[in-house]
Structures are given as structure tokens and as C-alpha cells.
Amino acid sequence: MPSPALPIGRLKAGAVSSRMDTRRGLPDIESHRDLHIWIIENLQMVPVPEPAYGNFFEKHCYIVLHVPQSPKATPGVPRDLHYWVGKMAGVGAQGAPGSVMQHLKAALGGAIVQHREVQGHESACFRSYFRSGIIYRKGGLASALKHVETNVYNIQRLLHIRGGKHLSATEVELSWHSFNKSDVFLLDLGRILIQWNGPKASAARKARGLFLSHSLRDRERGGRAQVSVVDDEAEATDLMEIMEVVLGRRVGNLRDAMPSKRVNQLQKANVHLYQVCQKSTDLVVQELSICPLAQDLLQEENCYILDQGGFKVYVWQGRLTSLQERGDAFKRALSFIQAKGYPSYTSVEVMDDGAESAGFKQLFRSWSGPQSKNKNLSGMGKLLQVKLDVGKLHSQPELAAQLRMVDDASGSVQMWCIQASRRQPVDRKHHGQLCADSCYLVLYAYQKMGLGQHVLYLWQGLQATAHEIRALRGNAKELDLWYRGALVQEHVTMGSEPPHFLAIFQGRLVIFQGRRGHSRNGQPAPAVSLFHIQGTNSYNSRTLEVPARASALNSNDVFLLVTANLCYLWFGKGCSGDQREMARALVTIISKEDMEIVLEGQEPPDFWEALGGRAPYPSNKRPPEDVSDFQPRLFECSCQTGPLVLTEVVFFSQEDLDTYDVMLLDAWQEIFLWLGAAASEWKQEAVAWGQEYLKTHPAGRSPATPIILVKQGHEPPTFTGWFCTWDPYKWSNTQSYEEVVEGDPGAVSTISEITAEIVNFRLSRWPGNDRAGPLALRALKSCEDSSESELELGPRAGPGSRSTISSASSSSYQSSPRSLGSGGLPREQLMHQAAEDLPEGVDPAHKEAYLSDSDFQDIFGKSKEEFYSMTKWRQQEEKKQLGFF
């Protein structure tokens, strides 16, 4: 039984602590459900039945509460509370969320992020709850208990399906004027749902539309309806005949689709932070900073507004702000939106100090929260405490993702240097010796679950030319073709090498300035060279040649000074014993000269002379490694109509990866670009999208952040570990859109039966303008207005059919036409009339069906149900006697 309605005005702060009071209409937040929805009716919160989730009436407002239930959910992740406003809701609903949300927040308790949503412009967080899509329904709701009626077949509506990863279906006018060339439309006729695909609709849009159509059938018809698809009108003549009965014959050409307004990355990067303060009776909003923002700008005694380019407005409330200020948060946000001239539907997100959303945190250069304080070390630092085990990394991919290690780096390695636009093999003894003005390909092979896996690193030096970088990518493409597209490609910039790349060379990575090392080509080495040795173990160590002058030294590290006859290994005062051990092992790779160990402060005169004399250099203790409290985020990439547009998928899972997708997973320390099997055309653009994402990120991200290209079916554990669960066989038996639409003979025969019914009733014959009039619509509605018991369920269609469950009419149904009910035609126009004298649209073989129920009872002396339950020959005899044959 649903919980009783809850009067909003009676919600009291502190009414509920850790559990919801179901007697007052609030759910038990410890239950298994993560989503709870109420509709606002007469100032009361009425629970929406779970099968109706995703349906929203445009004249109403809704409350949506999301409680994260993932077993891998980060502790302390706030709940999300949304106030949704329909576009036809009353004016008072626009400003209502403030008091409503504040009372609810107080009753719920705990960390909560509050959102204001407007129909058609919902946040990515809100849309992510409804993977099957959101359906906007016309009008209001007569009764909350009838939010969505299942197994009801007397339906006629047209839905316009739009969106990418976040689908929505809007009920539109039942007319050909509603259609366009590029979108997907669903004609819902109860027993059959016809998906019509525009001639310019993309394959991804068609597939997502079919997903929504099947979901609607399963939720609202219990699976007992047929989903059929019109991809080509010329080939789907039977379906077009049904559509023309309802919509009439189409006159004129289809219109082009209206371009949707989508926010690009540059707009989202335009971030401004404002402080809100009360001065006397005036509310003052003062701009503090633009991006990149620092977290310490937020003071706990103040309230702030963060404006993300008019795309979204955040309100942050310090823990010491008053209850009055917190209650006015939405009012302040709406006033700010109005003052800035932004659209009234601009998304609003309100949060408290310590309960920030992931999207808000990533607008800052770094973020330290309670979670990061409890972390020991991240990235390379964790490797000090973990003894790498291949089996553990593969059985626990979340560990591989956190450590950024696909395995323990014990696999095989091949290496090429790009010279004259071609790849030249590098001798094994020179593996790990790179030049800053060159580009390299490093192919790493390892075993996972008995299968060979490959990672191709594309390393580019900071001094490499644009021509060499293009040649690097071209040669990587050739290798990928050689391996049949199975390579995971990681783009690495000098100085930002990931732990696994460093581990491949066992801490012996040396980067020379200029063409030296393995590719000296006879060039003489400089008289004096200085190398900066960084790292404490084989997973985090690299050596970089730096300018040979004293100002390049640093008291926290180890340096190797190479002269013509001697090399000096210089230990800074702040370096550790592990750093010294790693440095000693590297000396022979760089120089064969005799080595002398030098401690900081005890340098001989020759040391300073080789560096050109003494000079100041950094000597302060290095600050601890920054451990930012950032969560991974998943985005859908799209650039169909211009600039790159990223749409976030919140609370993501493997189910959000579809074969037509290009998805960007931001793990902060590295960026993954996932390519679906049907999205290979975007392979070349994908890396550029990752670079643009970093370039336009409000937090001022490093453009050298590694970018990893991953293809469907070849995901490494460093990628899959960011997902709650991962099924490696998910796509092995998945059918393509074309296979699903192709259907089997069983589904086709059902369409034929439905078409035959319409032909028998001659419903396709209407006045000369070929437009179906009200009589046609009413007759078709009557045909469908049958109860579930009067339908005989047909056989289940096989995999890949046009309909997973089809409804076949029984023989008795086919011989029992439904009447027009109380709105029938006068008996004088039907009795003893020749076919040519009948009103337009009347089937001469079933004239009696057009009588009203009362006239039928008066003439035949029985109801229509009794009449049609008789044998066929008895029906014919009575019709002859009464003038209806």
C-alpha cells in the first residue's frame, strides 16, 4: 500500500532522524529502493507508484529523493532531493521550492544536495535516474493512484522521442505536422506501438528510441503489446497503412528538425564565484573570483553563489550560516538568475558545507574533504604499501584502477622511435632511454584470464614537432590495424608518465635533451650534463636531463652531474634513503665515468665550476602530495551539430555504455575515451575531444594528463575498476539494432492480422482529402477498446524480432467488431440502406456495429456482446431479418 499523502505545511524540522516516518508519507531511507517520488496534489505529497516512475504530468510538481545504494558508493556521499516543475504548473510553483525543500531537508536529516528542475531542462543528475527515459504527459492527474494504468489498450497518443544518453518522450499533437526528418516518433495505439524513424535519424537515435519503446511496452502493457518499426516507409507498407488510418495521409514534405540548444564546454568553463551578504535591508552579491577557483575562498560563515556560465547556478552555504539564510537559498538563486537575464529554467543546486556534489567539487583546482583526509596516499604513493600481485589486480579491478596498473609490469615490451615519419625499432639495451625532441611507441603485452592483452603507449617529447606527433599517431593507427583494433592506446606526455609506464622500465627511464642516448647518430655528447633523478622505487622513478646550472638543483632530490672525466652523484639534504638507492642503480645507464658521491653542503670546487658557479636553488621542504577528493565522472560525447558537447551520466554503470557511444571517463589523474563497436568513425576525433575537455575544464587541468583510448570489448582493469560491477561477456550475445528490428515471421503475421482488421472495417476509405476524420479515429479506438480477457496472447517472438511479445486477435474477436458505443449513427442511416447510400466510412458488412448501444438493444433485443457471441450464421440471419445485411 502506498504511504498516505503528507501535507507540506505540517512538516516539522527534526521530525525524523535516521529513518523516515512512513506514517507521515516519508519513505524508510534504509529500504532497498534508492529512488522515491511524490506528486504534489492540493499541497500534499502523494507517493507515485514505482511502475509509474519516469512519467511526469506537465501541470504538476514533483519531489524526487535519491538515496545512493551502490555497494561501492563512497561513504558520506550526499543524497539528492529534487523539486520538479512542469511547464504548465501554476505560477506559484516557480517560487515554491524554497520552503518545501527546507522542511523536507530538515525532516530527512543528513547530507543532502537540493535541486530545482524544470520540465525539458532537467539536470544530468535528475535524468540519470531514468535510464529508460522520461515521458512528459499532457494535462494533470485526476488521481495519484491512477498515475499509470497497466494493461489498458484504449490508447491513442503520439510521443516525440529526443535526447542522447538521456532520453525523453513528449506527448505531441496526433498529426503528421508533429513529425520531422531527424527525430524518432512513437505512435502508441495500445495493442501495437509503431516507432517511426525520420529519414535523417542517426543509428544511435533509432536504437535508443527502440529501447524506450520496449521499456514503455513492458512497464505499461506488461509486455503484452507489439513494438514495430518503420525505418523505410516504402518497405513498411502494412505499418504505414495503420498510421494513415490514425493520422490520415501525409500531405507535403516533412519539415527539418529544430536544432536543440545545448551547452558546449566553453560555456561551462566560464565560472564566476560570488559572495552573498546582507547589508541592512539589501542583499549584496559581490564577485570574488573566476576560474580556476581555490577551495579556501569558501568561508564557513558565508553563503556563495557559483555561476557556471548560466548553465547552472550553485548555492554553497557555510556551516555557520543562519537558518534564515539557508531557507532563502532558492529565493536568492532565482533572484540572481533573473538579475543576470538567464532563462527561468536555469538549473539550481543548493548544498551545505561538507555535502558538496561531485560536479561542484570539480569546478575547483583541488578539493580536500573528509574523505581525502582519511586517505593514506594516492597514485604512486600507494604502491609503496602494496605488494603488486597480478591475480589480485585482475580479480580486484578497482585496485588496478586506483593504482593505475593493468598488471605488475612483468609482460613483454617492444619499442620504436619515430624517425622520418616511420617507426624504427629500438634495441632492447636502450629501452627506457628517450629523447625530449622525439616520439616513441611502446607496445606492452600481458595475459589476462588466459588471453593476450596489449597496451600501446604513444609517448611524445616536449620538444617534438607537430609533424612528428602526427607521424606518431599515424604509426599507432597502423599497429592498431595490425592487431585488429584490439590495442588500448594511451597518449603520454613527457614528464606525466603513468605508474605502469614507469614500471615497465623498472625505474630506469631516462629522458635526454636533444637526440642522444640510443639515437645519437654520431653527435658528440655535451661537455657537462645534469640529470634530475626523481622517485623512490621502480613504479615512480624517472630521470630527466635539465640545464647544467646550479639553479636547477633542489634540496629534496638527487642529481647526477656528468663531466668529461668524472660524474658526481649529489644528494640533497631532504632526499630519502630510497631515493639514494634508486639513483645509485641509474648511474651506469647514463655514464661509464668514475662516480663520486657528493652531499649537499660538502661540494668540491670542481662541482660548482662545472655548473658555472654557485646560484640560489629551491631548498624548502616539498609539500606532501595533494590528495584531492574527486570522484570519477562519465560523460557522453557529441559534436553532431558543432562544438563538442558533453552530457554527464551520474551514478553510472556498465549499462550506460552502448555500442553507438563515445564516452569520456574522467578519473582525474587520467582521461579514458571509450569507443563503442559502432562508433569507430569517431576514433580519430576522440583523442582531440579529450584534449579539448582538459583545455576547457574550469579547474585548470594539465593538458599533459594521460588520455587513454579504449574500445568496446578490450577494456583494461584500470578502466573497468571504476565501475561498480563489470561483465566481460556483456556484449558477446548482444544483438545489433538491425538484428532486433529485422524480426521473425511470427511478428510479421501479427501485423498482418492487425492490418486485416482495419481493411475489413474499411477504415482506410475516407473523404477525398484522404484525411481520417473523427469517425475513423472512434472506430479504431473501439476496435482496440477490449479488455485483457478478450485478447489471446500469441506466441513469444524469438530473439531479434520486432516485438518480444505480440498480441494476436482470436477468431471470435476478428468476427466481432466493436461499436461506436453511445455515440453511434442514427438507425435510419443504417437500416435497409444500400452500400452506396451509407455514410462515408461505414463498412457495409458490419452496419450494425455503428449503432449506439441503446439502439442496438432496442432493435436486436440483446446487447452487442450477446449478439457477437452467437455463431456466425445466426448473426447473418438476424441481420437479414432486421435490414442490416
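Residues numbered from 1 in each chain as written. Predicted model: local features only at pLDDT ≥ 70, side-chain atom pairs only at ≥ 80, totals over all residues. Heavy atoms only, no water.

## Re the overall build of the protein chain
At step 1: Secondary structure summary: the protein chain contains 25 helices and 37 strands in total.
At step 2: Relative to its 885 residues, the protein chain shows a buried fraction of 54%.
At step 3: Excluding contacts between residues fewer than 6 apart, the proportion of contacts in the protein chain whose partners are at least 24 apart in sequence is 66%.
At step 4: When the accessible surface of the protein chain is totalled, it reaches about 39200 Å², and 50% of it is carbon and sulfur. (Helix = DSSP H or I, 4+ residues; strand = E, 2+ residues; numbered from the N terminus. Buried < 20%, exposed > 50% of the residue type's maximum accessible area, 1.4 Å probe, protein only. Contact = heavy atoms within 4.5 Å. Areas by Shrake-Rupley, 256 points an atom, 1.4 Å probe, with all protein chains shown as cover.)

## Some remarks on unusual backbone geometry
At step 1: Looking along the chain, the bond that leaves Cys291 and enters Pro292 is cis, with omega of 0°.
At step 2: Even without a glycine there, the phi angle at Ala420 is positive, about 55°.
At step 3: Mapped onto the secondary structure, Ala420 falls in the loop between β19 (412–419) and β20 (422–425).
At step 4: In this structure Ala420 comes out as exposed when scored by relative accessible area, which is 74%.
At step 5: Residues other than glycine seldom take positive phi values, yet Trp668 does so here, at roughly 70°.
At step 6: Looking at the element boundaries, Trp668 is found in the loop between β33 (662–666) and β34 (671–675).
At step 7: With relative accessibility at 18%, the residue Trp668 sits in the buried group.

## Comments concerning the sheet that holds β34
At step 1: Taken in spatial order, the 10 strands of this open sheet run β20-β19-β22-β23-β24-β35-β34-β33-β31-β32, and their pairing is mixed. In the strand order of this sheet, the two ends are held by β20 and β32 (645–649), each with one partner. The sheet shows a mean angle of 25° between the axes of neighbouring strands, direction not considered.
At step 2: Inspection of the sheet shows β19 paired to β20 by 4 bridges, in the antiparallel sense. (Pairing = 2+ DSSP bridges. Axes fitted to C-alpha atoms, helices over the stretch in contact; angles between N-to-C directions.)

## Considering the nonpolar core
At step 1: Counting 38 residues, the largest nonpolar core has Tyr457, Trp459, Phe501 and Leu657 as its most contacted members.
At step 2: Broken down by element, this core gets its largest block of residues, 4 residues, from strand β22 (residues 439–448).
At step 3: If near-sequence neighbours (up to four positions away) are discounted, Phe501 is found in contact with Leu434, Val442, Tyr457, Trp459 and Leu509. (Core = buried A, V, L, I, M, F, W, Y, C linked by side-chain atoms within 4.5 Å.)

## Let's talk about the sheet that holds strand β21 (residues 433–435)
At step 1: Pairing in this open sheet of 7 strands is mixed, and the strands run β21-β25-β27-β26-β28-β29-β30 from one edge to the other. Each edge of the open sheet is held by one strand with a lone partner, namely β21 and β30 (594–599). Across the sheet, the mean angle from the axis of one strand to that of its neighbour is 25°, orientation sign disregarded.
At step 2: Relative to strand β28 (residues 558–562), strand β26 (residues 529–534) is paired through 5 bridges, and the arrangement is antiparallel. Note on β28: the bridge partner recorded for Ile533 is Val558.

## Here's the deal with the side chain of Gln654
At step 1: Relative to the helices and strands, Gln654 resides in the loop between β32 and β33.
At step 2: Assessed through its relative accessible area of 5%, Gln654 is described here as buried.
At step 3: Looking at Gln654, its side chain comes within polar contact range of the main-chain nitrogen of Asp727, at 2.8 Å.
At step 4: If sequence neighbours within four positions are ignored, Gln654 has contacts with Phe723, Thr725, Trp726, Asp727, Lys730 and Trp731. (Polar contact = N/O pair within 3.5 Å; in protein donor to acceptor, adjacent residues only side chain to side chain.)

## Section: the packing of aromatic side chains
At step 1: Counting across every chain of the model gives 44 aromatic pairs.
At step 2: Centroid distance Trp674 to Trp731: 5.6 Å. Interplanar angle 35°. Geometry classified as tilted. Residue Trp674 is found in strand β34, and its partner Trp731 is found in the loop between α18 (717–720) and α19 (737–742); the two are separated by 57 residues along the sequence. With respect to burial, Trp674 and Trp731 carry one shared label: buried.
At step 3: In this structure, Arg250 packs its charged tip against the face of Trp176, placed 4.8 Å from the ring centre.
At step 4: One residue, Lys268, lies across the ring of Phe311, its end atom 4.9 Å from the ring centre. (Phe/Tyr/Trp six-rings, centres within 6.5 Å; stacked < 30°, edge-to-face > 60°. Lys NZ or Arg CZ within 6 Å of the ring centre and 35° of its normal.)

## So, a nonpolar patch on the surface
At step 1: A cluster of nonpolar residues, Met595, Ile597 and Leu599, forms a patch on the protein surface that exposes about 220 Å² of accessible area.
At step 2: The class of Leu599 is partly exposed, set by a relative accessible area of 32%. (Patch = residues over 30% accessible without salt bridge, like charges linked within 9 Å, V, L, I, M, F, W, Y side chains within 5 Å. Salt bridge = Lys/Arg side-chain N within 4 Å of Asp/Glu carboxyl O.)

## A closer look at the pairing of strand β14 (residues 271–279)
At step 1: Sheet topology places β14 next to strand β16 (residues 303–308); 6 bridges connect them, and they run antiparallel. Residue pairing for β16: Val276 is matched across the bridge by Cys303.
At step 2: In this sheet, strand β15 (residues 282–290) lies alongside β14 in antiparallel orientation, the contact comprising 8 bridges. Paired with Cys277 across the bridge in β15 is Val284.
At step 3: What sits between the antiparallel neighbours β14 and β15 is a turn of 2 residues, in which Ser280 has the positive phi angle 60°.

## So, the confidence of the model for the protein chain
At step 1: Overall, the predicted model of the protein chain reaches an average pLDDT of 81, with 80% of residues at or above 70.
At step 2: Mean pLDDT in the protein chain bottoms out at strand β36 (residues 792–796), which sits at 31, and peaks at strand β24 (residues 488–493), which reaches 97.
At step 3: Contacts of residues 1–25 to residues separated by more than four positions or lying in other chains number 57 contacts, the stretch itself having pLDDT below 50.
At step 4: A low-confidence stretch, residues 517–522 (pLDDT under 50), is modelled with 11 contacts involving residues beyond four sequence positions or located in other chains. (pLDDT = per-residue confidence, 0-100.)

## Some words on the pattern of salt bridges
At step 1: This structure, assessed with the given rule, holds 34 salt bridges.
At step 2: The closest approach of N and O atoms between Asp661 and Arg208, which form a salt bridge, is 2.2 Å. Separated by 453 residues along the polypeptide, Asp661 in the loop between β32 and β33 and Arg208 in helix α4 (residues 203–220) bring together distant segments of the chain. In terms of burial, Asp661 and Arg208 fall into one category: buried.

## Structural notes on helix α25 (residues 872–882)
At step 1: Considered for burial, the residues of α25 that qualify are Gln875, Glu878 and Lys879. Burial along α25 is one-sided: seen end-on, the buried residues are contained in an arc of 100°. Across from the buried face of α25, at angles greater than 90 degrees, the exposed residues are Trp873 and Gln881.
At step 2: Tucked inside the fold, the buried residues of α25 contact α23 (853–860) and α24 (864–868).
At step 3: Of the residues trailing α25, Gly883 is marked for its positive phi of about 85°. (Arc of directions from axis to C-beta.)

## Focus on helix α8 (residues 329–340)
At step 1: Taking 1.5 Å of rise per residue, the 12 residues of α8 would be expected to cover 16 Å, and the 17 Å separating its terminal C-alpha atoms lies within 8% of that figure.
At step 2: Residues Ala329, Phe330, Arg332, Ala333, Phe336 and Ile337 constitute the buried set of α8. Buried residues of α8 fall within an arc of 160° about the axis and therefore sit on the same side. Opposite its buried face, α8 presents the exposed residues Lys331, Gln338 and Ala339, each directed more than 90 degrees away.
At step 3: Count one or two residues on from α8 and you reach Gly341, which has phi positive near 75°. (Expected span 1.5 Å × (residues − 1).)

## Some points on the pairing of strand β8 (residues 134–137)
At step 1: What you see with β8 is no split at all: Ile134 and Tyr136 on one side and Ile135 and Arg137 on the other are buried throughout.
At step 2: Where strand β4 (residues 55–57) and β8 come together, 3 bridges link them in parallel fashion. Counterpart to Asn55 in the pairing with β8 is Ile135.
At step 3: For β8 and strand β10 (residues 168–172), the ladder comprises 3 bridges, and the chain directions are parallel. Bridge pairing links Tyr136 to Thr170 in β10.

## With respect to the environment of Ser421
At step 1: With respect to the helices, strands and loops of the structure, Ser421 is situated in the loop between β19 and β20.
At step 2: Taking the relative accessible area as the measure of exposure, Ser421 reaches 32% and is therefore partly exposed.
At step 3: Separated by 54 residues in sequence, Ser421 and Asn475 place their C-alpha atoms 8.2 Å apart.
At step 4: Aside from chain neighbours lying at most four places away, what touches Ser421 is His467, Ala471 and Asn475.

## Thoughts on the environment of Leu393
At step 1: Checked against the element boundaries, Leu393 lands in helix α11 (residues 390–395).
At step 2: Between the C-alpha atom of Leu393 and that of Val406, which follows or precedes it by 13 residues, the distance is 7.0 Å.

## Quick notes on the environment of Lys847
At step 1: Within the element layout of this structure, Lys847 appears in the loop between α22 (811–814) and α23.
At step 2: With 22 residues separating them along the chain, Lys847 and Leu825 place their C-alpha atoms 9.8 Å apart.
At step 3: With near-sequence residues (within four places) excluded, Lys847 lies in contact with Leu830, Gln833, Leu838, Val842, Gly883, Phe884 and Phe885.

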